[in-house]
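# Report on the structure
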Amino acid sequence: MTDPSERDAIRALAADVARNRYAPLAPQWDAERTPMPVEERKFLGSLGFLGITLPERFGGSGRPLLDALVVIEELAKECRPAAFQVFEANTGPAAVVNLLGTEEQRERFLPSVISGDTTIAVAISEPDAGSAATDLTTHAKDSGGSYILNGTKRWISNGGAADYYLVY
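With that out of the way, let us pick up the environment of R106. Relative to the helices and strands, R106 is located in helix α7 (residues 103-115). Classification of R106 as buried rests on a relative accessible area of 14%. Along the chain, R106 and F58 lie 48 residues apart, while their C-alpha atoms are 8.0 Å from each other. If we skip the residues at most four places from it in the chain, R106 touches R57, F58, V97, N98, L99, G101 and P111.

Below you can see the structure in the form of structure tokens.
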């Protein structure tokens, strides 16, 4: 259980960062559809925002999801791209790697996501399925140590800007 004063402190930090660092930049980033600059993603990592819910052994804080959600909420008030980075790291594909990945995959991907050095996108939405995982038709075929993916994705979060992709 997190001490409420700790959650208040992380909320205050996130609000300050959102207001003073990102509010002046957000209108231009939105207008130009600018992906979160790598140096800003690393800044979020330096604050611990990209590993709030992820294990300490990989550089995260191992804190409750609610702590990440208050950070996302504060950042989203001013800057969608900043909030999205925190969302993806704590509730999106990095969280899936943490929950369902192998130990080797956790060791390979999580430290660099937590630091902000890399990001993982999620590819799930398909033309005839939306994001209904039960209706997906994309499949992977083992090709002797690598995989061949066959399918169509309609939208990929952070597509084109991510370093890695979690494909459903």
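Chain-level pLDDT for the chain is 92 on average; 99% of the residues reach the 70-or-more range. Averaged over each element, pLDDT in the chain is lowest for strand β4 (residues 155-156) (77) and highest for α7 (98).

Tallied over the full model, the rule gives 13 salt bridges. When the shortest N-O distance is used, the salt bridge between D163 and R41 registers 3.6 Å. In this pair, D163 is assigned in the loop between β4 and β5 (164-167) and R41 in helix α3 (residues 38-46), connecting sequence segments 122 residues apart. On the accessibility criterion, R41 (4% relative accessible area) is buried. Put simply, D67 and R63 hold a salt bridge, and the shortest N to O gap is 2.7 Å. One network of salt bridges, in which partners are shared, links E6, R7, R63 and D67.

Rules used in this analysis
Residues numbered from 1 in each chain as written. Predicted model: local features only at pLDDT ≥ 70, side-chain atom pairs only at ≥ 80, totals over all residues. Heavy atoms only, no water. Helix = DSSP H or I, 4+ residues; strand = E, 2+ residues; numbered from the N terminus. Buried < 20%, exposed > 50% of the residue type's maximum accessible area, 1.4 Å probe, protein only. Contact = heavy atoms within 4.5 Å. pLDDT = per-residue confidence, 0-100. Salt bridge = Lys/Arg side-chain N within 4 Å of Asp/Glu carboxyl O.

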